[in-house]
Amino acid sequence: MAFDELRVNGGSYPLAAAVGRTLAETLREDLGLTGTKVACGEGHCGACTVLLDGVPTLSCITLVHTVGNRDVTTIEGLREHPLVASFVRADALQCGFCTPGQIVSAAALVAAIPSPTREEVRHAMSGNLCRCGAYPKIEEAVVTWQD
Amino acid sequence: MARLIRTEKEVEGHYTEQWIVVDEDALDQWPAGPLQTVGKPAPRVDGRERARGEATYTADIQLPGMLHAAVLRSPHARARVRSLSLSSVLAAPGVRAVLEPGDSHVLTDEPGYHGAAVAAVAADTFAQARAALAQAAVEWEVLEPLLDPDQAVEKGSLVSEPNVSERGATERGVSEAEAVVEAEYRTQTVLHNSLETHQAVCVWESGRLDVYISTQFLWGVRATVAEQLELPPDKVRVVCNFMGGGFGSKNGPGEYTFIAAELARRTGRPVRCALTRREENLATGNRNSTIQRLTAGARSDGTLTVLKGDYVNSVGFEGWSPSTGGPMELLYACENVRVAEHGAKLNTPPNAAFRAPGFVEGTFGLECLMDELAARLDLDPLELRMRNYADSDLVDGRPFSSKNLLECYRRAQPHWARREEVRARSQGPWKHGMGLASQVWYGGGGPPSYAWVRVGSDGRVQVVTAMQDIGTGSRTAMAQIAAEELGLSLDRIEVSLGDTSRGPFASISAGSSTIPSMGPAVRSAAADAARQIVEIAAQRYHLEERVLSLRNGHIVSADGGSWPIEEITELLGEGQILGKGARGPNPTGMRTLTFGVQLAEVAVDIETGEVLVDRIVAIHDVGRVINPLGASSQVEGGIIQGIGHTLSEDRLLDPGTGTVLTQTLDAYKLPTIADVPEIVAEFVDRPDEHLTNLGSKGLGEPPIIPTSAAIANAIRDATGANVRSLPITREEMLRALRAAREREGLERTAETVGEVRSA
Ligand code: FES
Ligand code: FES
């Protein structure tokens, strides 16, 4: 079944991407949603994480034509999520390049487990690399997101 | 008044003498300790923008008609291009221009390392550019690479003359010693791996070049690009508003900027040249590997009589030989010290500054050596360090502008006292132990650096300076400093940076220099603006200027009067108050350094060689701390990078061909959130009374410096094994454990023989 639409953050966009184009490229270059970052382009760092029907997914290795009618949620769709404030409060970002991906992953975690333990955070977030080493404060931000 | 002065400038340990013009009213330092805003924790002023994905990084710049470049890189460590044909590349879909060796000084037909840039292409999309490159017809003559650093030194293949320095008489030092330890330490090549790869977007417009670039030094890029392209510097505009990490690797323009600029010139369109992760791990620099052959001698009371270090830095095909012997020269009061550094020129990717280059590697060797010496003398490692405390810089006899390392040691004691308790946690194959290491580094910053402060009629303030915030929180620190001086809350301050056409010259963000260089300039600009506000208020309220000051958003008079600042700024209408400030000189004849100590608690599985870091305590002396929250983040980040350096990161080469095997983030093992121990950060937080109007030094680099030695020393404490090579993989750990067992066996045999003899 062919889909000629991409559903992103509650909106719907005509899908006119060439075969082989990734979801990350489509979001960033065609839709101008540059909050999603690409740091490796090959599924190793988590910077490009978005949600597909709520499931954290690496958009750099997801072909856009395989998304189908699933709902795509990017950081732009999570701008009012309390995690944004808790990341800022805890100083859970330095350069900030990994941060959108971290927040998207954390959003999926707290949707599934509203009060995650530190162990659960460390487990769920270990696919999101942060070269600046904001990890201790990312952990803090996620466990205190409801404050 | 503008003053012409001669001063010393230091970046990453390099000193240069220079004339500078400073235009600064000397301000008294603020009192020590937390003030209204400075010294209190402040979340990042741009945190929300970054966290919401609104911040525009270089990677996010999209310009109409923008083309994408891809670079053909040498697949060989050393080769010659016999023939190169790009005609099929040019004919490929979407391709607009190609460059070959000769078209740009950054392209070569005699690549000296895997990843050297040879040719480039610009196409409508990045995918097209990459696909087109695959069509390039290259015939390579593959040559034998030089890969062994010791061999390079032997053959005289060096990037510069060996750096040899000696004080005292080391031979006498050896003969006076009652205990001598000699050991060889090795550190590996480490990759920066900033999450935003190296990249630039270049646009030409009526003979002017705009460069959007992920950089640590806007003005350095401007100067280098202008010089290379023979443009007046004002024709080059460099922009970097948000930056996705650099760690030393983004101090200059890099080949990608010149490739983008040339392709943009040829096509008349904006061109992005962004490296892929794999290119990033080939061609953007690294922390070079080292071999360190070290000797320490001491009297039985622990007084050092000699320190000697022979260092080989595997610099690579280009680059510079970092000061690996620097810590040995600076850290201890030892009269007889000899350091020799060799920078081996090899067919490997060039090094680049990486968070305290040289000192991270050199501190691993030196501080492990000190603990091996302590073990030999049966002295407490902390005691040994205090016994050899340096009160002045023994390299050239200068006093320190400030040094509170003793205070760091004092604060370390309660943590150090946990040692017995930590060891007692050992159970089965898991052995626990604790170790420490000290650090010394530069970080005093220097002039020139300038800032402007603009106050509008609404009483809001904009700090304008063309500096960069590379993720360290410098934007926030500048806002705090301006807020403090103007007596305003942080939310009334906006910081505008990241554009050479929009603000004055600002220093590099390297060498832990942003806050000590820029902070004083911002304070002086804010003070200039504050003075003008007071002048206007004095006239408005018919009071003398000297009885007025700015506090809590008010103008207050000595006799208790208080008026909201807007009462005065409103008078401006569309006018503005403009304050300007400059960084003053460094104290003459003094040495400005940062100091600290870190303690590590580890657990080692002696059966498998697995090492776990449980806790790290960091106590640093960097003068006045502007933002304790951001400062603790810097410490954590440095320590986590240090843990990667110590335990998992390793850029591997194919030993036969010299090609890089670890180009991807699954092969090159960065620390993850699951690898992070408990980290405790403490600061002495005493302003350096001789340094600028702030008394602040830099903190970016200090926390990574002692991390690996503290961990290695904790491993020795836990197991008795001397790990001497980074990373401490299970293999290295098991080797060290075996060596320790053999040594113990020999000692036992020797003892038995001794007993038999004496019987
Ligand atoms: S950019 Fe997608 S995983 Fe790294
Ligand atoms: S904040 Fe820089 S990579 Fe995470």
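Per-chain numbering applies: the sequence of each chain, read as written, is numbered from 1 onward. Both sets of labels track the order of writing: A upward for chains, 1 upward for ligands. Per-residue local features of the predicted model are confined to residues with pLDDT of at least 70, and side-chain atom pairs are confined, for both listing and counting, to 80 or more; whole-chain, interface and lining totals are unaffected and use all residues. Side-chain calculation: all heavy atoms of the structure are included, whereas hydrogens and water are not.

## Notes on the overall build of chain A
Only DSSP runs of H or I with at least four residues qualify as helices, and only runs of E with at least two residues qualify as strands; both kinds are numbered from the N terminus onward. Along the backbone of chain A there are 5 helices and 5 strands. Ordering the α and β elements of chain A from the N terminus gives β-β-α-β-β-β-α-α-α-α. Against the compact-globule benchmark of 15 Å for 147 residues, chain A has a radius of gyration of 15 Å, which places it among compact chains. When its C-alpha atoms are laid out on the principal axes, chain A stretches across 40 × 25 × 25 Å. Each residue's exposure class comes from its accessible area (1.4 Å probe, protein chains only) as a fraction of the maximum for that residue type: buried when under 20%, exposed when over 50%, partly exposed otherwise. Counting all 147 residues of chain A, 59% fall into the buried class. Note on charges: Lys and Arg go in the positive column, Asp and Glu in the negative column, and His and the chain ends are not counted at all. For the purpose of locating charges, the reference atoms are NZ of Lys, CZ of Arg, CG of Asp and CD of Glu. Mean positive and mean negative side-chain charge positions of chain A (11 and 16 charges, respectively) differ by 5 Å. Only the C-alpha atoms count toward the radius of gyration. The rule for a globule is 2.2 Å times the residue count to the power 0.38.

## Things to note about the overall build of chain B
Check the secondary structure of chain B and you find 19 helices and 29 strands. A globule of 759 residues ought to have a C-alpha radius of gyration of about 27 Å, and chain B, at 28 Å, matches this closely. For chain B, the spread of C-alpha atoms along the three principal axes comes to 100 × 80 × 45 Å. The 759 residues of chain B split such that 62% are buried. Residues count as neighbours in contact if any of their non-hydrogen atoms are within 4.5 Å of one another. Excluding contacts between residues fewer than 6 apart, the proportion of contacts in chain B whose partners are at least 24 apart in sequence is 79%. Within the structure as shown, chain B displays about 27500 Å² of accessible surface, and the carbon and sulfur contribution to it stands at 48%. Averaging the coordinates of the 76 positive side-chain charges in chain B and doing the same for the 101 negative ones gives two points 1 Å apart. We get accessible surface area from the Shrake-Rupley algorithm with a probe of 1.4 Å; when it comes to residues, only the shown protein chains can shield them.

## As for the sheet that holds strand β25 (residues 562–564) of chain B
All names here are of chain B. The pairing criterion for strands is at least two bridges between them, as found by DSSP. With respect to topology, 3 strands assemble into an open sheet ordered β23-β24-β25, the strand pairing being antiparallel. Two strands close off the open sheet at either side, each with one partner strand: β23 (548–551) and β25. Averaged over all pairs of adjacent strands, the angle between strand axes in this sheet comes to 25°, irrespective of strand direction. In terms of strand pairing, strand β24 (residues 554–557) meets β25 through 3 bridges, oriented antiparallel. Across the sheet, the residue bridging to histidine 554 is proline 564, located in β25. Fitted lines through C-alpha atoms serve as axes, helices being fitted only where they are in contact, and the angles separating the N-to-C directions of these axes extend from 0 to 180 degrees.

## Overview of the domain arrangement of chain A
All names here are of chain A. For each domain, the first and last residues come from an automatic or database assignment. The domain boundaries assigned to chain A delineate domain 1 (2–74) and domain 2 (78–143). Inter-centroid distance (C-alpha atoms) of domain 1 to domain 2 is 21 Å. In this complex, domain 1 contributes 15 residues to the contact, which on the side of domain 2 involves 10 residues. Approximately 930 Å² of surface area, both sides summed, lies buried where domain 1 meets domain 2, with 66% of it carried by carbon and sulfur atoms. Two parts lose some accessible area (1.4 Å probe) when they are put together, and adding that loss for both gives the buried area. Summed over the three residues of domain 1 that lose the most area to domain 2, namely Lys37, Cys45 and Thr49, the buried surface amounts to 37% of that side. By salt bridge we mean one thing: a side-chain nitrogen of Lys or Arg within 4 Å of a carboxyl oxygen of Asp or Glu. Our count for the contact surface shared by domain 1 and domain 2 stands at 0 salt bridges. Whenever a nitrogen or oxygen atom comes within 3.5 Å of another N or O atom, the pair is scored as a polar contact, on the condition that within protein one atom can donate a hydrogen and the other can accept it, and that pairs from neighbouring residues in sequence are kept only if both atoms are in side chains. Linking domain 1 with domain 2 are 3 residue pairs in polar contact (both at pLDDT 80 or more). Residue classes follow a fixed rule: Ala, Val, Leu, Ile, Met, Phe, Trp, Tyr, Cys and Pro count as nonpolar, while Asp, Glu, Lys and Arg count as charged, and any other residue, Gly among them, counts as polar. Partitioned by chemical class, the residues of the side of domain 1 that touches domain 2 number 7 nonpolar, 7 polar and 1 charged.

## Side note on the nonpolar core
Working definition of a nonpolar core: buried Ala, Val, Leu, Ile, Met, Phe, Trp, Tyr and Cys residues. They are joined through side-chain atoms within 4.5 Å. Counting 136 residues, the largest nonpolar core has Ile138(A), Ile715(B), Ile728(B) and Met733(B) as its most contacted members. Once residues lying within four places of it in the same chain are set aside, the contact partners of Ile138(A) are Phe87(A), Ala92(A), Gln102(A), Met125(A), Cys130(A) and Ile673(B). One finds Phe258(B), Ala260(B), Val495(B) and Tyr541(B) within the second-largest nonpolar core, a separate group that totals 82 residues.

## A closer look at the environment of Gln634(B)
Following the sequence through the fold, Gln634(B) ends up in helix α17 (residues 628–648). Residue class for Gln634(B) comes out buried when judged on its relative accessible area of 8%. The residues contacting Gln634(B), other than those within four sequence positions of it, are Gln94(A), Arg355(B), Gly471(B), Thr472(B), Leu699(B), Gly700(B) and Pro703(B).

## Looking at the packing of α17(B) against helix α18 (residues 707–719) of chain B
Residue and element names in this part refer to chain B. As a packed pair, α17 and α18 sit with axes 8 Å apart at the nearest point and diverge in direction by 55°. In terms of axis orientation, α17 runs oblique to α18. Both α17 and α18 take part in a crossing whose hand is right-handed. Along its contact with α17, which presents Ile639, Gly642, Ile643 and Thr646, the element α18 presents Thr707, Ser708 and Ile711. Partitioned by chemical class, the residues of the contact of α17 with α18 number 3 nonpolar, 4 polar and no charged. Throughout this description, any angle smaller than 35 degrees is read as roughly parallel, any larger than 145 degrees as roughly antiparallel, any in the 65 to 115 degree range as roughly perpendicular, and the remainder as oblique. When the near helix sits turned anticlockwise from the far one by under a right angle, the crossing is termed left-handed; a clockwise turn instead gives a right-handed crossing.

## Here's the deal with the side chain of His114(B)
All names here are of chain B. Structurally, histidine 114 is set in the loop between β5 (95–99) and β6 (117–123). Under the relative-accessibility criterion, histidine 114 is labelled buried at 9%. Within the local environment of histidine 114, its side chain forms a polar contact with the backbone nitrogen of valine 660, the two atoms lying 2.9 Å apart.

## Side note on the interface of chain B and chain A
Tallying the contact residues gives 53 residues for chain B and 41 residues for chain A. Between chain B and chain A, a total of about 3900 Å² is buried, with carbon and sulfur atoms accounting for 56% of that surface. Broken down residue by residue, the surface that chain B buries against chain A is led by Arg52(B), Leu195(B) and Ile673(B), which jointly contribute 21%. If you look at where chain B meets chain A, you find 8 salt bridges. We note a salt bridge from Glu80(A) to Arg52(B), for which the minimum N-O separation is 2.9 Å. Our count for the chain B to chain A interface comes out at 27 residue pairs in polar contact (both at pLDDT 80 or more). For the side of chain B that touches chain A, the secondary-structure elements that each account for two or more residues are α1 (47–51), α8 (277–283) and α17 of chain B. No other element matches the 9 residues that α17(B) contributes to the side of chain B that touches chain A. Residues of the side of chain B that touches chain A, tallied by class, amount to 22 nonpolar, 18 polar and 13 charged.

## Some words on the sheet that holds strand β5 (residues 71–73) of chain A
Residue and element names in this part refer to chain A. Taken in spatial order, the 5 strands make up an open sheet running β2-β1-β5-β3-β4, and their pairing is mixed. Edge positions in the sheet fall to β2 (11–14) and β4 (55–58), since each has one partner strand and no second. Within this sheet the neighbouring strands show an average axis-to-axis angle of 40°, counted without direction. In the sheet, strand β3 (residues 49–52) pairs with β5 via 2 bridges, with the strands oriented antiparallel. Its bridge partner lying in β5, leucine 52 is registered against valine 72.

## A word on the packing of helix α2 (residues 82–90) of chain A against helix α3 (residues 99–112) of chain A
All names here are of chain A. Where α2 meets α3, the closest approach of the two axes is 10 Å, and the angle between their N-to-C directions is 125°. With respect to each other, α2 and α3 are oriented oblique. Where α2 crosses over α3, the two elements pack in a sense that is right-handed. Of the residues in α3, those touching α2 at Leu83, Val84 and Phe87 are Thr99, Gln102, Ile103, Ala106, Ala107 and Val110. Looking at side-chain class alone, the contact of α2 with α3 contains 7 nonpolar, 2 polar and no charged residues.

## Notes on the domain arrangement of chain B
Residues and elements named next belong to chain B. Examined at the domain level, chain B breaks down into domain 1 (2–33 + 445–582), domain 2 (61–144 + 195–245 + 250–283) and domain 3 (290–444 + 589–742). Taking the mean C-alpha position of each, domain 1 and domain 2 sit 39 Å from one another. Contacts between domain 1 and domain 2 engage 21 residues on the former and 16 residues on the latter. Summed over both sides, the interface between domain 1 and domain 2 buries roughly 1400 Å², with carbon and sulfur atoms accounting for 52% of that surface. In this structure, the connection of domain 1 to domain 2 is made through 1 salt bridge. Where domain 1 packs against domain 2, one counts 8 residue pairs in polar contact (both at pLDDT 80 or more). Its residues assigned to classes, the side of domain 1 that touches domain 2 shows 9 nonpolar, 7 polar and 5 charged.

## Details of the pairing of β23(B)
Residues Leu548(B) and Leu550(B) point to one face of β23(B) and are all buried, whereas Ser549(B) and Arg551(B), pointing to the other face, are not buried. Counting the residues in the hairpin turn of β23(B) and β24(B) gives 2 residues, including Asn552(B), whose phi is positive at 50°.

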